[in-house]
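# Close look at the chain arrangement
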Amino acid sequence: MKLVDITYMHESSIHHHDIENLHATAFGPARYTRAAHFIRHGGSHDRSISFIASAYQKIIASIRMTPIIIGFSKALLLGPIVVSSTYKNAGIGSTLINMALKAAEKKRHKLVILIGDEAYYRRFHFLHVHADQMIMPLPVNPKRLLGREFTPGALSKANGIVRHINCLRNETSTIPVLNCILSV
């Protein structure tokens, strides 16, 4: 497989089923028990900064960016990122990460966080976040909470509970949103 055979594009609603199949294959049912899942389940991701890779008209990789709040600071949650096992170690994941980060910066987002391996994400300028700075809905290995700021000081200003941006909008509602309650 040559990298020229890979096509990259924005995610659209027609890709949803194929992306979910990729997630199921890569992460299995355990994906529903992770802190990031509970945050993402609070609402949709931003397709304008989420991307897919395809080969021969089949989706082989995906990255999603979800709008969140940390306390009252707006940010993005990167992930999940998934690459089909057939196409691993070909630079597809790195390309998708760079595309998503560039798109987020272009849209003037200030901060992106993720839960991942610092040794891998350091090359994308992600730094370790102090364990007491952000409160996730479920326990997260504090060494895996990472952040990348586009605006200097954005990371130091982001303190508090990490929730989907819809949770902030729903705080005025008389009907509590389950995923927002889980995040508190």
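Residues numbered from 1 in each chain as written. Predicted model: local features only at pLDDT ≥ 70, side-chain atom pairs only at ≥ 80, totals over all residues. Heavy atoms only, no water.

## Re the pattern of salt bridges
Following the criterion strictly, the structure yields 4 salt bridges and no others. The salt bridge partner of Arg 47 is Glu 11, with a shortest N-O separation of 3.7 Å. Remark: Glu 11 occurs in the loop between strand E1 (6-10) and helix H1 (16-27) and Arg 47 occurs in the loop between helix H2 (35-40) and strand E2 (51-55); sequence separation between them is 36 residues. Since its relative accessible area comes to 35%, Arg 47 is described here as partly exposed. Overall, the relative accessible area of 4% leaves Glu 11 in the buried class. A salt bridge links Asp 46 to Lys 107; the shortest N-O distance between them is 3.8 Å. Of this pair, Asp 46 sits in the loop between H2 and E2 while Lys 107 sits in the loop between helix H3 (92-106) and strand E5 (111-115), placing them 61 residues apart in sequence. Residue classification places Lys 107 among the partly exposed residues on the basis of a relative accessible area of 45%. (Salt bridge = Lys/Arg side-chain N within 4 Å of Asp/Glu carboxyl O. Helix = DSSP H or I, 4+ residues; strand = E, 2+ residues; numbered from the N terminus. Buried < 20%, exposed > 50% of the residue type's maximum accessible area, 1.4 Å probe, protein only.)

## What to know about the confidence of the model for the protein chain
With 88% of its residues at a pLDDT of 70 or more, the protein chain shows a mean pLDDT of 87. When pLDDT is averaged over each helix and strand of the protein chain, the minimum, 51, is found for helix H7 (residues 178-182) and the maximum, 98, for H3. Confidence drops under a pLDDT of 50 for residues 173-178, and excluding neighbours within four residues, the segment shows 2 contacts in the predicted structure. (pLDDT = per-residue confidence, 0-100. Contact = heavy atoms within 4.5 Å.)

## Regarding the nonpolar core
Formed by 28 residues in total, the largest nonpolar core has its most connected members in Met 65, Leu 78, Ile 92, Leu 101 and Phe 126. Elements with a contribution of two residues or more to this core: E2, strand E3 (58-70), strand E4 (73-83), H3 and E5. The biggest single contributor to this core is H3, with 7 residues. Beyond its immediate stretch of four places on either side in the chain, Phe 126 contacts Leu 78, Leu 101, Val 112, Leu 114, Tyr 121, Leu 146, Gly 147 and Arg 148. The next biggest cluster of nonpolar side chains, apart from the first, holds 17 residues, and it includes Ala 75, Leu 111, Met 134 and Val 162. (Core = buried A, V, L, I, M, F, W, Y, C linked by side-chain atoms within 4.5 Å.)

## Overview of the layout of surface pockets
Empty space within the largest pocket amounts to approximately 1,100 Å³. Along its surface, the largest pocket is lined by 42 residues, and Phe 27, Arg 40, Gly 79, Pro 80 and Ile 81 are the ones closest to its centre. The element that contributes the greatest number of residues to the lining of the largest pocket is E4, accounting for 7 residues. Looking at the lining of the largest pocket, its residues break down into 19 nonpolar, 14 polar and 9 charged. The volume enclosed by the second largest pocket comes to roughly 310 Å³. Together, 18 residues line the second largest pocket, and Ser 73, Lys 74, Ala 75, His 109 and Lys 110 are the ones closest to its centre. Breaking the lining of the second largest pocket down by element, the ones donating at least two residues are E3, E4, helix H5 (154-157) and helix H6 (165-170). Among the elements that take part in the lining of the second largest pocket, E4 stands out by supplying 4 residues, more than any other. Residues of the lining of the second largest pocket, tallied by class, amount to 9 nonpolar, 4 polar and 5 charged. (1 Å grid on protein atoms, 1.4 Å probe; cavity = no way out; pocket = protein on both sides within 12 Å on 5 of 7 lines; lining within 4 Å. Points joined across faces, edges and corners; volume = space filled by probe spheres on them. Nonpolar A, V, L, I, M, F, W, Y, C, P; charged D, E, K, R; others polar.)

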